[in-house]
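Here is how the chains run, residue by residue.
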Amino acid sequence: MEMHQIRYFLAVAEELNFTRAADRCHVAQPSLTRAIKLLEEELGGALFHRERANTHLTELGRSVQPHLQDAFVQSDVAKRIAHNFKTLKKLNLKLGIMCTIAPAELVGLIGAIRTRHPGIEVEMVDASARELNDKLLDGEIDVAIYCLPADEVSDKLLLRPLFCERMMIVLHPEHKLAMRNAVRVIDLDGESYVNRAKCEFRGYVGGFFHEHGASCEVVFRSERDDWVLAMIASGQGFGFMPENCVSNAGVVTRPLINPEIWREVNLVTIRGRPHSPAVAALVKEATRIDWRGDPTLPPNTPPDSAVVIGRAARVSAPLPDCSGAASKPC
């Protein structure tokens, strides 16, 4: 069954005249008549009673008309969707963003999509890094931005580095460690720890601290960073958070040293899968952004001695050139 046969049938059903239907479809009447005849043969019966002045639908014709009408409408809808898809006129992009990334880090990227590709509607999926990892592999989202330890990243995924961010110790202003310019891992031995349940380092930090001589007691755990910060501000313990995620005036941050810990945030797609136009637009806009930040600020790049979580096999052409420091390179 061809779409032009359905179109001819619907025209005759509405006009009840083969000549007018042929004119409406911009086709010669013999061609329209042959197409209708082939359709009748396929459906197993006459669709019209052909009387000189009284062409009308048969019972079979009346039965199939609404279904063929639906098929024709859906075909037209599919064509419009395909056209919009190719021309970026109306597309939905499901973008997974790790819930521990501060909005200020990515509003520039989202804004660029809106400015240069107004036909793309960005639907943000907020979840933990591990949840986003699974959603991407299961096809529930189109692309994601997150950080995971390298041994948790599937070979099916392609990581493009965006930026690095230093992990900080978060303290009540009157905590004894708040008087220091930096905090060593061993200084945290015996301290109460307020745990971020959706931290991408979950399962790593405890063992890492223990290896460096610090044993901490978890006194509170929450999936929400605002609750974690509120508990630290109330003096319940210390926290371990990315530098740009600390948004509570009641706490202070101190860099962790001996060793430093950084995280690398990546743009993650499925390896080998051709990009949809919306994903391709996102990747393109990501290449436009200078993720290194304000060059007037002091260098803020991980030293060689730092532990950087999230680094995996590189793509052939990473997004930023992170050699040479600026405010926020990888």
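Going by the structure above, here's the rest.
As the structure is a prediction and not an experimental result, all values here were calculated from the model. (Residues numbered from 1 in each chain as written. Predicted model: local features only at pLDDT ≥ 70, side-chain atom pairs only at ≥ 80, totals over all residues. Heavy atoms only, no water.)

Before going further, it helps to spend a moment on the overall build of the protein. If you tally the helices and strands in the protein, you get 9 helices and 13 strands. Out of the 330 residues belonging to the protein, those deemed buried represent 45%. For the protein, the share of sequence-separated contacts (at least 6 apart) that also reach a separation of at least 24 residues comes to 76%. When the accessible area of the protein is evaluated, it comes to approximately 17000 Å², of which 50% is carbon and sulfur surface. (Helix = DSSP H or I, 4+ residues; strand = E, 2+ residues; numbered from the N terminus. Buried < 20%, exposed > 50% of the residue type's maximum accessible area, 1.4 Å probe, protein only. Contact = heavy atoms within 4.5 Å. Areas by Shrake-Rupley, 256 points an atom, 1.4 Å probe, with all protein chains shown as cover.)

This part takes up the pattern of salt bridges. Following the criterion strictly, the structure yields 17 salt bridges and no others. Notably, a salt bridge pairs Glu-15 with Arg-20, separated by 3.4 Å at the nearest N-O pair. One salt bridge connects Lys-135 with Glu-140, and the closest N-O pair in it is separated by 3.4 Å. By relative accessible area, which is 43% here, Glu-140 ends up partly exposed. Shared partners join several salt bridges into a network, and the residues in it are Glu-14, Glu-15, Arg-20 and Arg-24. (Salt bridge = Lys/Arg side-chain N within 4 Å of Asp/Glu carboxyl O.)

The next thing to look at is the packing of helix H5 (residues 107–116) against helix H9 (residues 277–288). One can describe the packing of H5 onto H9 by two numbers: an axis separation of 9 Å at closest approach and a directional angle of 120°. Between H5 and H9, the angle is such that the two are oblique. Here the hand of the crossing between H5 and H9 comes out right-handed. Side by side, H5 and H9 meet where Leu-109, Ala-112, Ile-113 and Arg-116 of the first sit next to Ala-281, Leu-282, Glu-285, Ala-286 and Arg-288 of the second. Here the contact of H5 with H9 is composed, by residue class, of 6 nonpolar, no polar and 3 charged. (Axes fitted to C-alpha atoms, helices over the stretch in contact; angles between N-to-C directions. Parallel < 35°, antiparallel > 145°, perpendicular 65-115°, else oblique. Left-handed = near helix turned anticlockwise from the far one by under 90°. Nonpolar A, V, L, I, M, F, W, Y, C, P; charged D, E, K, R; others polar.)

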